[in-house]
Amino acid sequence: MSAPVDADGRDAEGRDAEGRDAGERAADGWSSVGEGEVNQRAYRAAVVSFAVAVVGGLVAAVAYWSSETQTLLGIGLALSLAGIGFGLVSWAKHLDLDEHVEQRREPLRTTPTDDADLREQVEVTTGTVGRRPLLVGLLGASFLSLAVGFVGPIGSLGPRPRGERDRTGWAPGRRLVTVDGTPVGVASQGFDQLATVFPDGRIGQDDSQVVLVRLPPDLLTARTREVGTVDGWVAYSKICTHAGCSVGLFGADNRPPEVVRQLVCPCHQSVFDPADGARPVGGPAPRSLPQLPITVDDEGFLVAVSDFERPVGPITWDEG
C-alpha cells in the first residue's frame, strides 16, 4: 500500500514521486522560497535605498535651479545613483537570487514533477514581487527622480552646433566701431597703434571682437593685402587660436637690423606677425588669427567686406 501524497505529489516526509526530498530537488537546480523564508533585512534595505534615491534626485533638481549647484548637484546625483544600485542588490537578496546552484546536464525532457516545481517557482516569484507594491513604486520613483535630476545638466549642454563658429556679427558694409560706438576713420591715427573694435550694433559680442592695427603699408605681405586692407589698416580676430584668450598686446621695434611688429596673447605668450596674416611666430598657437577683410565707405569710415575668412577661436578636431 502506497503512502498518502499531497496535491503536489509529495508524501508526508516531503519526498516526490521519484523519491527526492527538498535538498535533492535543490541540487537539480530548483528550490522553493516560501513567504516566511524571505530576507526581511534586505527588503528594508531596498526600501530605504530607493527612498534615498528619490530624495537624491529631487535634491539634484532643486540644486540646479538654486545657487548651490556646485555643492548639491553632485551630491544629489551621487545619492540617487548609489541608492538605485544598492536598492537593486538588496532587492535581489530579498528575492533570494544570490543562491549558487549547479545543475547536472540531463536530456532535454521534463517530468510532471519538474513541471510542478517550475509552476511553483513562477507562482512564488510572481506572488513575492506582486505583494511588494512599495518596492515597485519606490523603484519607479527613484528612476523618475534621477531623470529629473539630469534634466538640468543635459539642458545646459545647449543646442547642437550647426556652424555657429562660421558666423559672427560681421557682415558686408558693417562699420568698425570702438567700445564706445565711435566709428573708425581711415585717417584717424598714425602707424603702429592698436585698438579693439566691434561691428556696429554688436558691441561686446565675444566672437566678433577684433584687433585693429595700422602698419606702414610697405610692411604688409602680398597675401595680407589680398584678403583686404586699407592704407595699412589690417584687422584680425582678437580670439587667440590656442586657448581662446584675448590677443591684446602689440609691440613694435624699428631698430635695425630687423624691424619687428608683433601681436601677443598675454595668457600663454602666443606671438603673431600682423604684417604677414597674423602668422604664429612664437608660443603654442597652432594657426594664424583669422583676418577680417576691410574697406572704406563713402564717408571715410572703415567697414567690413565680409565675415572672417574662417572660423574664429581655437582649432577643433575636424579642422586639423
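1. Points about the sheet that holds strand S6 (residues 260–265)
Strand order across the open sheet formed by four strands is S5-S6-S7-S8, with antiparallel pairing between neighbours. Two strands in the sheet have a free side with no partner beyond their single neighbour: strand S5 (249–253) and strand S8 (279–282). On average, each strand axis in the sheet is tilted by 35° relative to the strand beside it, whichever way the strands run. Bridging between S6 and strand S7 (residues 270–273) involves three bridges; their strand directions are antiparallel. Looking across to S7, one finds that Leu263 is bridged to Phe272.

2. Things to note about the nonpolar core
One broad rule of soluble globular proteins: the nonpolar side chains tend to lie buried together. By size, the foremost hydrophobic cluster in this structure holds 17 residues, and its most contacted members are Leu212, Leu292, Ile294 and Leu302. Of all the elements in the fold, those that place two or more residues in this core are strand S3 (210–214), strand S4 (233–237) and strand S11 (302–304). Residues within four places of Leu212 in sequence aside, it is in contact with Leu176, Val184, Gln193, Leu194, Ala195, Val197, Trp233, Val234, Ala235, Ile294 and Leu302. Judged by nonpolar contacts, the second largest core, of 16 residues, contains Val213, Tyr236, Val247 and Leu263.

3. Section: unusual backbone geometry
Although it is not a glycine, Asp231 adopts a positive phi angle of roughly 50°. Along the chain, the position of Asp231 falls in the loop between helix H6 (222–228) and S4. Its relative accessible area of 49% is what places Asp231 among the partly exposed residues. Phi angles above zero are rare outside glycine, and Ala278 is one such case at about 55°.

4. Some details on the sheet that holds strand S2 (residues 193–199)
A sheet is described by the order of its strands in space; here five strands give the open sequence S1-S2-S3-S4-S9, paired in antiparallel fashion. Each having just a single partner strand, strand S1 (176–177) and strand S9 (291–292) make up the two edges of the open sheet. Sheet analysis places S1 next to S2, joined by two bridges and oriented antiparallel. Bridged to Val177 within S2 is Phe198.

5. Description of the environment of Ala78
Looking at where Ala78 falls in the secondary structure, it is placed in helix H3 (residues 69–94). Residue classification places Ala78 among the partly exposed residues on the basis of a relative accessible area of 44%. A C-alpha to C-alpha distance of 7.3 Å links Ala78 and Gly56, two positions 22 residues apart in sequence.

6. Remarks on the confidence of the model for the protein
Summarising the model, the protein shows a mean pLDDT of 77, and 74% of its residues fall at 70 or more. In this model residues 25–37 is a low-confidence stretch, pLDDT under 50, and it forms 29 contacts with partners more than four residues away in sequence or in other chains.

7. Describing the pattern of salt bridges
Oppositely charged side chains may form a pair once their charged atoms are brought near each other. Scanning all chains against the criterion turns up six salt bridges. Salt-bridge contacts for Arg175 lead to Asp297; the nearest nitrogen and oxygen are separated by 3.0 Å. Of this pair, Arg175 sits in the loop between helix H5 (133–155) and S1 while Asp297 sits in the loop between strand S10 (294–296) and S11; the two residues are 122 residues apart in sequence, bridging distant segments of the chain. Because the salt bridges share partners, they merge into one network encompassing Arg223, Asp273, Asp276 and Arg279.

8. Remarks on the environment of Gly232
Locating Gly232 in the fold gives a position in the loop between H6 and S4. In this structure Gly232 comes out as buried when scored by relative accessible area, which is 3%. Gly232 sits 42 residues away from Gly190 along the chain, and the two C-alpha atoms are 10.0 Å apart. The residues touching Gly232, leaving out its near neighbours within four places in the chain, are Val213, Arg214, Leu215, Pro217 and Leu220.

9. A short note on the pairing of S5
The pairing of S5 with S6 spans five bridges and is classified as antiparallel. Along S6, the bridge assignment pairs Ala252 with Arg261. Between S5 and S6, which pair antiparallel and follow one another directly, the connecting turn spans six residues.

Conventions used here
- Residues numbered from 1 in each chain as written.
- Predicted model: local features only at pLDDT ≥ 70, side-chain atom pairs only at ≥ 80, totals over all residues.
- Heavy atoms only, no water.
- Pairing = 2+ DSSP bridges.
- Helix = DSSP H or I, 4+ residues; strand = E, 2+ residues; numbered from the N terminus.
- Axes fitted to C-alpha atoms, helices over the stretch in contact; angles between N-to-C directions.
- Core = buried A, V, L, I, M, F, W, Y, C linked by side-chain atoms within 4.5 Å.
- Buried < 20%, exposed > 50% of the residue type's maximum accessible area, 1.4 Å probe, protein only.
- Contact = heavy atoms within 4.5 Å.
- pLDDT = per-residue confidence, 0-100.
- Salt bridge = Lys/Arg side-chain N within 4 Å of Asp/Glu carboxyl O.

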